[in-house]
Amino acid sequence: MASLKNVRTKIIGVKKTKQITKAMNMVASAKLRGAQSRMERFRPYSCKFQEMILDLSGKMEDSVHPLLGERENPRSCGIILATSDRGLCGGFNTALISAALKLAGEKEAEGLRVRFYHAGRKGRDAIKKSGKPQGELERFTLDPLDFQVAGNLGKAVVEEYLSGDLDQVYLVHGEFVSLSRQKPAVRTILPLPAVDAGGKEPGERLYEPDPASLLASILPHHIKVLIYQGLLETSAGEHAARMAAMDNATRNCDEISAALNLLYNKTRQSAITTDLIDIVSGAEALKG
Amino acid sequence: MDKTLQLDIVTPDKLVLSERVEYVSVCGVEGYFGVLPGHVPMLASLDVGKLVYTVNGKRQKAFVSGGVADVAGDKVIILAESAELADNIDLARAMAAKRRAEERLASQADKVNMERARIALRRAMTRVQAHDER
């Protein structure tokens with residue numbers, strides 16, 4: 001049986017762990033609020049942007065811009081993998097990484113060269129270990145998450161796409177379904193999926209400069225908007241996942257400490273019983 | 001007809017401004033243009049520049065770095081990569097950016113960086129100007 005001292009040390013240790021997990025849970029929930037409000041603030045921007053693209057692309061043919069329309073015989077494919085920078089958030093990153101690797105496997109089966117781009121340290125480390133080729137970027141961490149991260153990524157993939165180095169680009173990111181549910185999602189970034197005008201007749205308006213060059217200047221930015229949206233969702237998902245993981249951990253700590261307490265009391269009791277028996281039998285012997 | 005416009009300046013990080021204004025002037029890629037109530041619907045690509053708007057006859061300034069302006073009905077929506085009201089411009093930061101860009105231009109590095117430095121310099125100078133003229 002474990003000694004009293006051992007059990008006591010363990011109980012103290014578990015309690016300390018619980019304090020940490022509880023604090024991490026609170027930190028994650030505060031950060032989640034931040035991430036969610038950032039998503040809220042970004043929504044008007046992205047909605048408006050979507051509208052504009054719709055309006056513009058309603059005006060012209062698909063083939064008008066190189067970023068639109070499928071390429072025949074694609075040879076290479078880029079995957080932007082958005083993960084978190086830190087761990088301790090349950091299966092969140094693992095799910096994202098395996099989704100990305102699965103996509104990469106499918107693409108390789110089709111005979112495409114696959115190259116990874118990263119937003120988030122965890123994904124980068126995992127892909128590095130798997131030995132798949134990665135694009136070079138100055139920055140791959142999500143912290144601090146601002147539009148520039150998406151801007152850099154967007155610029156890199158657009159350049160590679162236009163130069164013919166990449167024929168397809170996908171974004172693997174965490175979809176923020178709800179507080180308790182986040183799942184990996186794959187989104188096509190390039191070629192831009194055809195936007196459906198939904199039968200809405202574009203109104204007459206002036207364009208400055210002409211629609212074609214306006215579209216040309218907006219589209220690369222639209223890609224950054226898409227990426228940024230994915231990154232924001234990933235970050236919200238990360239914090240939600242960490243909150244859940246830390247909540248679980250806190251509960252586990254409670255369970256373990258209850259079990260340890262029981263063990264401690266039992267051990268103490270049996271030690272007392274042994275001592276008592278010793279004393280009583282000693283007294284009996286003296287009486288003898 | 002109502003003689004005001006609803007002006008919204010939106011950046012990816014926040015809503016910079018949402019106000020009823022009487023007049024807006026922005027810097028399009030083909031030059032500055034003004035918008036009064038009753039303007040024809042228009043979509044315009046924006047350059048780095050100053051944005052001037054009037055509220056109750058008072059001229060206000062803001063800095064807008066690229067983006068798109070959408071004029072529809074009595075609404076003007078500016079989607080900018082970054083934008084600041086003149087009062088919120090961080091002068092020290094703009095000055096530092098200006099100095100950095102100037103140094104880079106003076107060092108005559110490769111072409112891509114030169115182009116980038118030139119744009120950065122313009123951004124910084126416009127920021128400083130908008131701040132000084134407020």
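In what follows, the structure referred to is the one given above.
Along each chain, residue indices are assigned from 1 in the same order as the chain's sequence is written. All chains are assigned letters beginning with A, and all ligands numbers beginning with 1, in the order in which they are written. With pLDDT at 70 or above as the cut-off, local features in this predicted model cover only qualifying residues; side-chain atom pairs require 80 or more to be listed or tallied, and sums for whole chains, interfaces and linings still use all residues. Water and hydrogen atoms play no part in the side-chain values, which are based on all heavy atoms of the structure.

Engineer: Is there a simple way to explain the state of the cysteines in this structure?
Structural biologist: Pairs of cysteine sulfur atoms within 2.5 Å are identified as disulfides in what follows. Considering all chains together, one arrives at 0 disulfides over all chains under this definition. The cysteine C253 of chain A is free of any disulfide, with C89 of chain A supplying the nearest cysteine sulfur at 18 Å.

Engineer: Help me out: how do you make sense of the interface of chain B and chain A in this one?
Structural biologist: The parts lose accessible area when they come together, and the size of an interface is often stated as this lost area. If you look at the interface, chain B gives 24 residues, while chain A gives 21 residues. By definition, the buried area sums, over both parts, the 1.4 Å-probe accessible area that each loses when the two are put together. Regarding the contact of chain B and chain A, the summed buried area is about 2000 Å², with carbon and sulfur atoms giving 64% of it. Contact with chain A buries surface across chain B, with P12, L43 and L79 of chain B losing the most and accounting together for 32% of the total. When a carboxyl oxygen of Asp or Glu is within 4 Å of a side-chain nitrogen of Lys or Arg, the pair counts as a salt bridge. Between the two partners, chain B and chain A, sit 1 salt bridge. Here K48 of chain A ties to D70 of chain B by a salt bridge, and the two come within 3.3 Å at their closest N and O atoms. Elements with a contribution of two residues or more to the side of chain B that touches chain A: β4 (31–35), β5 (42–46), β7 (58–72) and β8 (75–85) of chain B. Class assignment of the residues belonging to the side of chain B that touches chain A gives a composition of 14 nonpolar, 4 polar and 6 charged. Looking at chain direction, strand β5 (residues 206–208) of chain A and β5 of chain B are connected through 3 bridges and run parallel. Opposite L206 of chain A, over in β5 of chain B, you have M42 of chain B as the bridge partner. We call two residues in contact whenever any of their non-hydrogen atoms come within 4.5 Å of each other. Helix and strand definitions here come from DSSP, where helices need a minimum of 4 consecutive H or I residues and strands a minimum of 2 consecutive E residues; each element is numbered from the N-terminal end. Three categories are distinguished: nonpolar for Ala, Val, Leu, Ile, Met, Phe, Trp, Tyr, Cys and Pro, charged for Asp, Glu, Lys and Arg, and polar for the others, with Gly belonging to the last. Pairing between two strands requires that DSSP report at least two bridges joining them.

Engineer: Sorry if this is basic, but what is going on with the environment of T17 of chain A here?
Structural biologist: All names here are of chain A. Within the secondary structure, T17 sits in helix α1 (residues 4–57). Per-residue accessibility, obtained with a 1.4 Å probe over protein chains only, is compared with the maximum for each type, and a residue is labelled buried under 20%, exposed over 50%, and partly exposed between these values. The exposure class of T17 is partly exposed, given its relative accessible area of 39%. Sequence separation of T17 and A285 is 268 residues, and the distance between their C-alpha atoms is 49 Å.

Engineer: It is not clear to me how a nonpolar patch on the surface should be interpreted in this structure. Could you clarify?
Structural biologist: Residues and elements named next belong to chain A. On the surface, I272, L276, I279 and V280 cluster together to form a nonpolar patch covering roughly 360 Å² of accessible area. Mapped onto the secondary structure, I272 falls in helix α5 (residues 211–287). I272 gets classed as partly exposed once you look at its relative accessible area, which sits at 37%. Exposure above 30% relative accessible area and no salt bridge define the residues that can form patches, which grow by joining like charges within 9 Å and nonpolar side chains of Val, Leu, Ile, Met, Phe, Trp and Tyr within 5 Å. For accessible areas, the Shrake-Rupley method is used with a probe of radius 1.4 Å. Any residue's cover is judged against the shown protein chains and nothing else.

Engineer: Even after reading the chapter, I still don't get the packing of helix α2 (residues 92–109) of chain A against helix α3 (residues 121–130) of chain A, so can you show me in this structure?
Structural biologist: Helix-helix packing: each pair is described by the crossing angle between the helix axes and the interaxial distance. Residue and element names in this part refer to chain A. Axes here mean lines fitted to C-alpha atoms, for a helix over just the part in contact, with angles spanning 0 to 180 degrees between N-to-C directions. Put simply, α2 and α3 touch, their axes get as near as 10 Å, and they point 45 degrees apart. What the angle tells us is that α2 and α3 run oblique. For the pair α2 and α3, the sense of crossing is right-handed. Across the interface between the two elements, N93, I97 and L101 of α2 pack against K122, G123, A126, I127 and S130 of α3. Tallied by class, the residues present in the contact of α2 with α3 amount to 4 nonpolar, 3 polar and 1 charged. Under this scheme an angle from 65 to 115 degrees is roughly perpendicular, one under 35 degrees roughly parallel, and one over 145 degrees roughly antiparallel; angles in between are oblique. Rotating anticlockwise by less than a right angle from the far helix to the near helix defines a left-handed crossing, while the corresponding clockwise rotation defines a right-handed one.

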